[in-house]
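Secondary and tertiary structure notes
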Amino acid sequence: MFVKENLIKIKNNLPANVKLIAVSKKQPHAVIKEAYNFGHLDFGENYVQELVDKQLILPKDIRWHFIGHLQSNKVKYIAPFVHLIHGVDSVSLLLEINKQAKKNNRVINCLLQIHIAQELTKFGFSIDDCFDLFESNLLLKLENVKIIGFMAMASNTDDKMQIKKEFQSLNIFSKKTQIYNQNDFCLSMGMSEDYNLAIEEGSNMVRIGSLIFGQRQ
Ligand SMILES: *Cc1c(COP(=O)(O)O)cnc(C)c1O
């Protein structure tokens, strides 16, 4: 029963405008069901095969968020049902999502992943590349994807000032873009360890796993 208690604790402390994505990767169906029965509908997954398996079995009104690194050749498996793709990190991936969305006769909402961390290993567009993408009119031609915001991960460090600075850089950037003014604008930043800092820096969508479900298997 701890899942429900954890959810209550977190939700009670979130500002009203911040959406909670329960990150259920590597967690069994039973704990997802527990959160679902409590009324939670937004879940985040990182692996395509795992997500496809869960979507088949779990309730159909769950909103599945793909938050991991997505390979272009796997877009087709999640295109029929995915609610929001958080980690769009290249133009070629965007083109493939558009193609598969079209095949499924839908518009898929996407967030552009922006590289804000110091680490070289994290995926994502640089802020400059992202500006260039908005300047080009490519996005207007992609009728089956809708960019509704940005996603980022901060450096994996204990240095809170560093994390805050990184989140702040995306917050400042996002306000300079057109999509910031959309009423569905999403700024997906913050995980179990750093979500409070992210919210202070403008996040309105947090992706929390271990604080809800405990350690992953
Ligand atoms: C796993 C994961 C999370 C959740 O991490 P926790 O530390 O368990 O909250 C959030 N975002 C992404 C992109 C992840 O891969």
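Check the entry above for the structure.
This write-up is about the structure you can find in this document.

Calculation criteria
Residues numbered from 1 in each chain as written. Predicted model: local features only at pLDDT ≥ 70, side-chain atom pairs only at ≥ 80, totals over all residues. Heavy atoms only, no water. Helix = DSSP H or I, 4+ residues; strand = E, 2+ residues; numbered from the N terminus. Rg over C-alpha atoms; globule rule 2.2 N^0.38 Å. Buried < 20%, exposed > 50% of the residue type's maximum accessible area, 1.4 Å probe, protein only. Contact = heavy atoms within 4.5 Å. Areas by Shrake-Rupley, 256 points an atom, 1.4 Å probe, with all protein chains shown as cover. Near = heavy atom within 4 Å. Polar contact = N/O pair within 3.5 Å; in protein donor to acceptor, adjacent residues only side chain to side chain. 1 Å grid on protein atoms, 1.4 Å probe; cavity = no way out; pocket = protein on both sides within 12 Å on 5 of 7 lines; lining within 4 Å. Sits in = over half its atoms within 2 Å of the grid points. Nonpolar A, V, L, I, M, F, W, Y, C, P; charged D, E, K, R; others polar.

Here the focus is the overall build of the protein. Across its full length, the protein holds 10 helices and eight strands. By the compact-globule yardstick of 17 Å for 217 residues, the protein fits well, its C-alpha radius of gyration being 17 Å. Here the protein holds 217 residues, and the buried ones make up 51% of them. Partitioning the contacts of the protein with sequence separation of at least 6, the portion at a separation of at least 24 is 60%. Accessible surface, the protein as shown: approximately 10900 Å² in total, 50% of it carbon and sulfur.

Attention now moves to the environment of Val 23. Within the secondary structure, Val 23 sits in strand β1 (residues 19-23). Residue classification places Val 23 among the buried positions, given a relative accessible area of 4%. In this view, Val 23 contacts Gly 44, Asn 46, Ile 67, Arg 207, Ile 208, Gly 209 and Phe 213; residues no more than four positions away in its chain are not counted.

Here the focus is the site of the ligand. Taken together, 13 residues are adjacent to the ligand, and Lys 25, Asn 46, Ser 192, Ser 210 and Arg 216 come closest. Asn 46 has a polar side-chain atom sitting 2.7 Å from an oxygen atom of the ligand. With respect to the ligand, the backbone of Gly 209 contributes an N or O atom lying 2.8 Å from an oxygen atom. Relative to its unbound accessible area of 390 Å², the ligand is 90% covered by the protein chains. Using a 2 Å cut-off from the grid points, one finds that the ligand occupies the largest pocket. Each residue belonging to the shell around the ligand can be placed in one class, and the counts come to six nonpolar, four polar and three charged.

Note on placement: Glu 45 falls in strand β2 (residues 42-45). Polar contacts involving the side chain of Glu 45 include one to the side chain of Ser 24, which spans 2.6 Å. If near-sequence neighbours (up to four positions away) are discounted, Glu 45 is found in contact with Ser 24, Lys 25, Ile 32, Glu 50, Leu 51, Lys 54, Trp 64, His 65, Phe 66, Ile 67 and Gly 68.

Next up on the list: the environment of Lys 60. Tracing the backbone through its elements, the reader meets Lys 60 in the loop between α3 (48-57) and β3 (63-66). Assessed through its relative accessible area of 57%, Lys 60 is described here as exposed. With 45 residues separating them along the chain, Lys 60 and Asn 105 place their C-alpha atoms 18 Å apart. Of note is the side chain of Lys 60, whose polar atom sits 2.8 Å from the backbone oxygen of Gln 55.

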